Amino acid sequence: MTAYLSVGNDLQRRVLSPLLENPEGEEEETPKPPTLEEYIPRPGTRGQSRQAFMTEAANDSDGSDQEQKPDPQQVSSDDITLNIAVNGGCFLEDVNSDDEDSISDGSLSIPTDDFDTDLEIDSDEWLNPSKADHDTTGRTKYIKVCNDMGISPVSYFVKNLEQKELKMRFHGLGPLGIKAISIPLETNTNIEILNLQGNGIDATGAKSLCRVLRENLFLTEVVLSENKIGTEGAIWLCQFLKGNRNLFKVDLTANEIGDSAGQSFYEVLKGNPVLKELVLANNCLEENSAKWLKESLTDNENLEVLDLSWNQFKTRGAICLCEGLQENVGLKRFKLVMAGLGKSGAEAMGVALKQNRTLLELDISFNRIPIEAAGAIAAGVRENDTLKTLKIGNNPFESNGAMVILQAIDQNENSAITFLDFSNMMVKIEFAEIETRLAESRGLRVVNEGVLPEVHPKNGNYARLSAFRRDPIETFKKYAEFSGVVLEKVFNCKNKVKIDATEFKSLIKGSGIDIPDQHITVLVRSLEVDGFICYWKIFEENGNGSTHVSFSESVDEKGNAMDKNKNRPKSKDSPKLDNSGAKPKSAKAKKKKDKKKKT
């Protein structure tokens, strides 16, 4: 048996059998234990230490103890020796290998010249990928896709791929354009807000965007309004929205989404715990969708903003939505404009306001709420302590209903409402008094059409306001004529300069025209176009001319002439003036007789 452990005689006695007795009885010095430096190669002495620990295999057949030094020229690369240190460590080295750039695996010596290691990686490319030839925006991919599809790349899209928000509103992309931009958007890591409003995506383009919703993990807001996606496209999008975990807002306004998509939206709101805002306004959702959305509002606790305005709900569907709002515990803003609430729906909404404790803003404008149902809304507001904004304008309950709701807010000491919208509604003088008091004590701000003219002391009588509404321009000219003001000197007739309502009112008040504020408001509405006052219409010919308002004397609501000195109607028996302003002949004759008597 060939032994692969061999050392010198003296060294063998000291390492392998240091306790053997001396057969000749000679006293020997106690051997010193070997140090670690004798067995571990040090830098610069690799060859010397290797010679000290490498020996040739001993011959077991003759049992000779003589040491035979190995010849470095004759030892092959397969001869490996095992070096044993005192601490049990071992070193496997090739006898014949003096190349320090080699790796030993215990049996073979492998040179490392032909291998790449991580030390040879370009650190600049690794730490700065943007400097390398690596497109993280998808720009190169988009241009290639456009060339393959035979369409022109959109330069705006290429320039803004590195922005946080990409607004491509009304670019006319169409289904092919959407398909082209969807490919780079799948891997884009910069864009977080994507606005594709009004691009004619339709159902085909919606399918292309589904891959973006599935692959892109950086988008947080997607606006797809006015794209004619339709019911089919909405169902496709909902399939991928269920599993999406990075989108916070989805806007699908005005996409002709039908009633059959209601169940798909229910599944999205049930399975997506991340979505915070869903806008489905101006679509074709009806009663079936209302039932599914009711279940969504009952189960979902994460959605904060829901807009269902201007759909095709009827009273029954509106009641379902109010019942869902009653059970909801997460919604903060709810828009239900033009939803057909009516009397029954308003009563259901009043009950929901009593129970809900998370809603902060409610918009139920244009809902045909009659004066009989205004009390139900007032009852809900009277017990609610979380709602901050209530928009309930453009409903037919008029000033009396507005008064009931405001009184309910006044009676609720815990009410949090700071903004109240009664657009296109005129209010009573009592309403204005309560509004002023609440504005000072609670900071309440109310929007309304103004105080009713028949009870407002500064706005003149009702008959005069009615005449002014029929023909405000011609009546305004009468006001100017009666006040002795030449309108051509007040306004620049030669050059049509755009002025806003504030400047127009300032010009009228500064000119000295005696006209009530309510009449000025009506005049401004008749002359306003795109936010500016077209005052030159005052000097154009008006074909109506049928309205006549007398400024020489006042009239009451019944049409009786009012005395200027006394605030009472003139008697019907009092003498009337003719067109020339002269008194009747009988009065003249009587006066002449009196003069003759005196003379």
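Above this text sits the structure in question.
Q: Explain the sheet that holds strand β7 (residues 221–223) to me, and be specific about the residues and the numbers.
A: With parallel pairing, 11 strands are arranged side by side in an open sheet as β5-β6-β7-β8-β9-β10-β11-β12-β13-β14-β16. One side of each edge strand has no neighbouring strand; the edge strands of this open sheet are β5 (165–167) and β16 (445–447). Each strand of the sheet is rotated relative to its neighbour by a mean of 5°, with strand direction disregarded. As judged from the 3 bridges shared by strand β10 (residues 305–307) and strand β11 (residues 333–335), these two strands associate in the parallel manner. When the sheet's bridge partners are listed, L306 is paired in β11 with F334.

Q: Outline the nonpolar core, listing residues and values.
A: Counting 96 residues, the largest nonpolar core has L196 and F422 as its most contacted members. If you tally residues by element for this core, the top one is helix α14 (residues 398–411), at 6 residues. The contact partners of F422, leaving out residues within four places of it in the chain, are I392, G393, F397, A402, I405, F431, V446, V447, N448 and E449. Y479, V485, I520 and I533 belong to the second largest nonpolar core, which has 21 residues in total.

Q: Requested: an account of the packing of aromatic side chains, with residues and values cited.
A: For the coordinates displayed, the defined rule picks out 9 aromatic pairs. Here the aromatic rings of F422 and F431 are separated by 5.8 Å at their centres, their planes lie at 80°, and the arrangement is edge-to-face. F431 carries the same exposure label as F422, and that label is buried. An aromatic cluster is present here, built from F491, F504, Y535, W536 and F539 joined pairwise through their rings.

Q: Talk me through the packing of helix α13 (residues 371–383) against α14; I want residue IDs and the actual numbers.
A: Interhelical geometry of α13 versus α14 gives an angle of 15° and a closest axis separation of 8 Å. The angle between α13 and α14 falls in the class roughly parallel. For α13 against α14, the interelement crossing comes out right-handed. On the side of α13, the interface is formed by I371, A374, G375, I377, A378, V381 and R382, while α14 contributes N400, G401, V404, I405, A408, I409 and Q411.

What counts and how
- Residues numbered from 1 in each chain as written.
- Predicted model: local features only at pLDDT ≥ 70, side-chain atom pairs only at ≥ 80, totals over all residues.
- Heavy atoms only, no water.
- Pairing = 2+ DSSP bridges.
- Helix = DSSP H or I, 4+ residues; strand = E, 2+ residues; numbered from the N terminus.
- Axes fitted to C-alpha atoms, helices over the stretch in contact; angles between N-to-C directions.
- Core = buried A, V, L, I, M, F, W, Y, C linked by side-chain atoms within 4.5 Å.
- Buried < 20%, exposed > 50% of the residue type's maximum accessible area, 1.4 Å probe, protein only.
- Contact = heavy atoms within 4.5 Å.
- Phe/Tyr/Trp six-rings, centres within 6.5 Å; stacked < 30°, edge-to-face > 60°.
- Parallel < 35°, antiparallel > 145°, perpendicular 65-115°, else oblique.
- Left-handed = near helix turned anticlockwise from the far one by under 90°.

Any functional reading would require information that these geometric values do not contain.
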